[in-house]
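# Structural overview
The lines below spell out each chain.
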Amino acid sequence: MAKPLVSHPTLWSECRIEERSRRVQDRARKELLLEDVAETHVVDVAVTSYNANGRTPPEDLDLSQLFEGTANADVHVVGFQEIVPLNPGNVLADSMGNYRGDDSSTRHAKAWEKLIEKHLNGRRDVDGNAYYNVCNRQMVGVYLSVWAKETFRECISDVHTASVGVGVMGYMGNKGAVAGRMRIHHSPICFICVHLSSGGGEVDHQRRNIDAAEVFRRLEFPGLTGSLEPSMSSTDHHSVLFFGDLNYRVSLKEEVLMQLVEQKRWSELFHGDQLSMELQLGTVYTEEWQEGTISFPPTYKFLRGSDTYVGTFKDTSSQKKIRFPAWCDRILWQGQNLLQRSYQASLLNMSDHRPVVASFDWTTHQIDKQKVQALLDGIQRTLDMEDMSRVPTCTLDPLELDLGEVRYGSTCTVPLHLTNVGNVSAYFQLFTFHDTEGFDPYLPKWVVITPPFGVLEPEEQCDISVKCTLRGGADGNAMQAYQGNGIVQKLLVLKIEGGRDFFITLQLKYVEMLSLGLDLECAKAINCKTIPGSEVDVVDFMDIGYARACEGLEAMLEAEGSTMSHTLPHGLQLFCKRSIPRQVLSLLEFLASDGANQEGLFSTCMHQEILDQRIITKQTVISIVSGLDRGVPLGPRTDPREVAEALIAIFLALPYPFFPKVLADIFADGPTCPSALDVVAQVQEALSMTKWSTLCVLVLTLRKMLSFALASENGLSHEILGTIFAQALFGIETATRNNRLASLVSLLLQDECWGPKDIDVD
């Protein structure tokens, strides 16, 4: 036979196992033997049930028969039914809480208490053990009294009582249960004294089942001390005793029943016992409930003061229905640690019922918490050792990746060597790590890892390729290098599922820095000190402000032979030209003068390479921007289509979209302004000086290309340029998601948007 484990919740909570990890708890439930952590005690428990028929006991009543064979028990549980007459006055008084200490109901209870105390403690001189009253509970005629030896006082705790009425209207106390709960050592037990519905019909039988089910459902106690549960039902306890006048009758035909009673063939009569049938069915009384063998005659219904059953003679003077003999008074129990030693009926005959008495050996347990913790520590050590054998163990080399000097658009590849040196499969995945956001499985586009994840079997090795490209764009690293004085650093994390994490430092040095990939303000810092064709220093020019910029510069503008549209005053044109990066200005002036009539000017920008941003690392684009950064002008043989690509690439390579997100959100559902001029006003408000000036010159250049004469040669239209520059200015992802932004850009290219009075660069 398997040894018992610490499995019952009440003992489990006493062990404080819930303070450990879930895995320790699960293992302890399978391995923690009760005998290893608890001291066992056997408590002698006696249970007596008596329907007193509402009679007051005489002061000299000898209770020896009531406690026959159980006088020296450690714990006495005495339950009464009909301790008072079940008249309307008593029922209503109890239901309304109007019982007083001197009324008939309490007088009956006190009389019985006095007799019980006198009987139990009358033998004190014999064995030296006195009993004390642990708890009492009364509900109309149902009364429970629990007594224990003084030697158990220190062992008893968590004493509570409760009651459930199931009588009139389903809640009155003329029928129902009173219960007491206590814990001896660390084992809880519940005593339920009940009085169920009477009657011999089938409806009465079912009513008793309903009564019992209601008692089980509604009877509730506070949770045990130290338990995480706030409450407990009666059947949550380690052991439960359910006893009283259950009122189940014998379901046999009247003539058969009478014959068996007259012949005292009790075993055959018991075949019709309703409660035995219910125990076998297991519907109300589940399979955990047990009852000892009944070897005594029916306990009901007797002529008071005699041994004669009422149903064995005909009383012609009475109109009352004959009550046939039945085993109404019963004692049931559940709990593997209860062993019934005796079960008998008493001969006390002052009522129409006979008392029933049962004695039990109840095995209790006292948990040794130090032993529990020592065993739990051992379980924890075992689990740790098992975990170590199952933890994936890998090595990774190197942990520092230095890619050396890198130019814009170039790619470097370095290997990582990952080896599984453990005993189990290793699942790995590479992440990037952010100081604020933590692990991110989405790598930036400038880092490509092959493979980014996988599985290594024991002793297997994998070479992981880390390929880095220095590039611009919202997901690029050019701006990071500029801000880091040419150094780009990235922290990668290789996570082994269930194992250790490897942190990998990635570093490269940006040499021959380009303006491509920088924001427009930083791109201006890479410009040569002066603008070709003018001796005016850029910084000095910006310092003199708008007023001085307009004075005397028109002649210079005419001398330069500006190709810009003259819808802007000359001073403002010059101011705009000085406010934008020279590379962008050079590209726009070249397109305005040498490329405006080029057929298919932006045709290559409609291809897939703009959608996947390959254009920002295209070699021809890099060459053009590099030359402009060094002050080399665009030559007459430069292909205007490559210049157009370079212009688009500069916008796509910005670390953030040219138009801020707030502007995209404003026009998410299309322009909401009443006029095109209002659109311009909202755009200007959202842009910095540099961006606004850049947009002004860009729009004027594109408008020239859309003039009737040139558009017939270059094949451009508002729709084509709107689509291309929506992607360039808002970002490819945003423009692709909201095609209405192309219409907005087309609107900005209309003539009515850009009257001289509407342009303000101050």
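Residues numbered from 1 in each chain as written. Predicted model: local features only at pLDDT ≥ 70, side-chain atom pairs only at ≥ 80, totals over all residues. Heavy atoms only, no water.

Right, let's get into the packing of aromatic side chains. Geometrically, a pair of aromatic rings is defined through the distance of the ring centres and the angle of the planes. Evaluation of the coordinates by the stated rule reveals 18 aromatic pairs. For the ring pair Phe 80 and Trp 112, a centre distance of 4.7 Å and an interplane angle of 40° mean the geometry is tilted. Residue Phe 80 is found in strand E2 (residues 75–81), and its partner Trp 112 is found in helix H5 (residues 104–121); the two are separated by 32 residues along the sequence. Residue Phe 80 is classed as buried on the basis of its relative accessible area of 0%. Measuring from ring centre to ring centre gives 5.4 Å for Phe 216 and Trp 289, while their planes differ by 25°; the resulting arrangement is stacked. Remark: Trp 289 occurs in the loop between helix H10 (274–281) and strand E11 (290–291) and Phe 216 occurs in helix H7 (residues 202–218); sequence separation between them is 73 residues. Both residues of the pair, Phe 216 and Trp 289, count as buried. Through a chain of ring-to-ring contacts, three or more aromatic side chains come together here, namely Phe 216, Phe 242, Tyr 248, Tyr 285 and Trp 289. Positioned above the aromatic ring of Tyr 132 is the side chain of Arg 153, whose terminal nitrogen or guanidinium carbon lies 3.8 Å from the ring centre. The side chain of Lys 691 reaches across the aromatic face of Phe 658, ending 5.5 Å from its centre. (Phe/Tyr/Trp six-rings, centres within 6.5 Å; stacked < 30°, edge-to-face > 60°. Helix = DSSP H or I, 4+ residues; strand = E, 2+ residues; numbered from the N terminus. Buried < 20%, exposed > 50% of the residue type's maximum accessible area, 1.4 Å probe, protein only. Lys NZ or Arg CZ within 6 Å of the ring centre and 35° of its normal.)

Attention now goes to the confidence of the model for the chain. Residues at a pLDDT of 70 or more form 81% of the chain, whose mean pLDDT is 82. The low-confidence segment residues 528–571, where pLDDT is below 50, has 65 contacts with residues more than four positions distant or belonging to other chains. Across residues 755–762, where pLDDT falls below 50, the model places 18 contacts with residues more than four positions away in sequence or in other chains. (pLDDT = per-residue confidence, 0-100. Contact = heavy atoms within 4.5 Å.)

All right, on to the sheet that holds strand E17 (residues 411–420) then. An order of E15-E17-E22-E20 is seen for the four strands of this open sheet, with the pairing classed as antiparallel. The open sheet is flanked by strand E15 (394–397) and strand E20 (447–450), the only strands paired with a single partner. Strand-to-strand twist across the sheet, computed as the mean angle between neighbouring axes with direction ignored, equals 20°. The pairing of E20 with strand E22 (residues 461–469) spans four bridges and is antiparallel. From the neighbouring strand, Ile 449 faces E22, where its bridge partner is Val 466. (Pairing = 2+ DSSP bridges. Axes fitted to C-alpha atoms, helices over the stretch in contact; angles between N-to-C directions.)

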